[in-house]
Amino acid sequence: MKPLSEHMTVLIATAEDMMRRPVHQIPTHLPAGFSEVAAAIKHADNSPCDGIRATRPGVVMCTAIEAYFAEPASQDYWQMLIGATLPLLRRAAWQALRNERAVSEETRR
């Protein structure tokens, strides 16, 4: 199973792709593998956390990306939320990586 930080990195790449592409080049459906990434992040959010919780921006981003494709009439709103959540998601991915490193250091001892 991939660590949470890797799933969040994939989510960051997906969000950046949606922000950088012109509207006519954004796909009309969820990217391949998105459901697995979203499920892993939501599972981590529901699980107990040993360190600082780093999943909330990921849950918001998953919801925004899913809503973007589900509600074509309000895509501008969801794209705005994706752009606003992106810096928070980057910070959360860094925190998830730090949490994973801390756990691996404790395991080595």
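Rules used in this analysis
- Residues numbered from 1 in each chain as written.
- Predicted model: local features only at pLDDT ≥ 70, side-chain atom pairs only at ≥ 80, totals over all residues.
- Heavy atoms only, no water.
- Salt bridge = Lys/Arg side-chain N within 4 Å of Asp/Glu carboxyl O.
- Helix = DSSP H or I, 4+ residues; strand = E, 2+ residues; numbered from the N terminus.
- Buried < 20%, exposed > 50% of the residue type's maximum accessible area, 1.4 Å probe, protein only.
- Axes fitted to C-alpha atoms, helices over the stretch in contact; angles between N-to-C directions.
- Parallel < 35°, antiparallel > 145°, perpendicular 65-115°, else oblique.
- Left-handed = near helix turned anticlockwise from the far one by under 90°.
- Contact = heavy atoms within 4.5 Å.

With that out of the way, let us pick up the pattern of salt bridges. Taken as a whole, this structure holds four salt bridges when the rule is applied. Measuring nitrogen to oxygen at the nearest pair gives 4.0 Å for the salt bridge that ties E16 to R20. With E16 and R20 both in helix α1 (residues 4–20) and four residues apart, the pair spans about one turn of that helix. The closest approach of N and O atoms between R21 and D17, which form a salt bridge, is 3.1 Å. Here R21 falls in the partly exposed class, since its relative accessible area comes to 33%.

Moving on to the packing of helix α3 (residues 56–70) against helix α4 (residues 75–108). Running from N to C, α3 and α4 cross one another at 155°; their axes reach a closest spacing of 9 Å. It follows from the interaxial angle that α3 and α4 lie roughly antiparallel. The crossing of α3 and α4 is left-handed. Packed against α3, whose contacting residues are P57, G58, V60, M61, A64, I65, A67 and Y68, the element α4 presents Q75, W78, Q79, L81, I82, T85, L86, L88, L89 and A92 at the interface.

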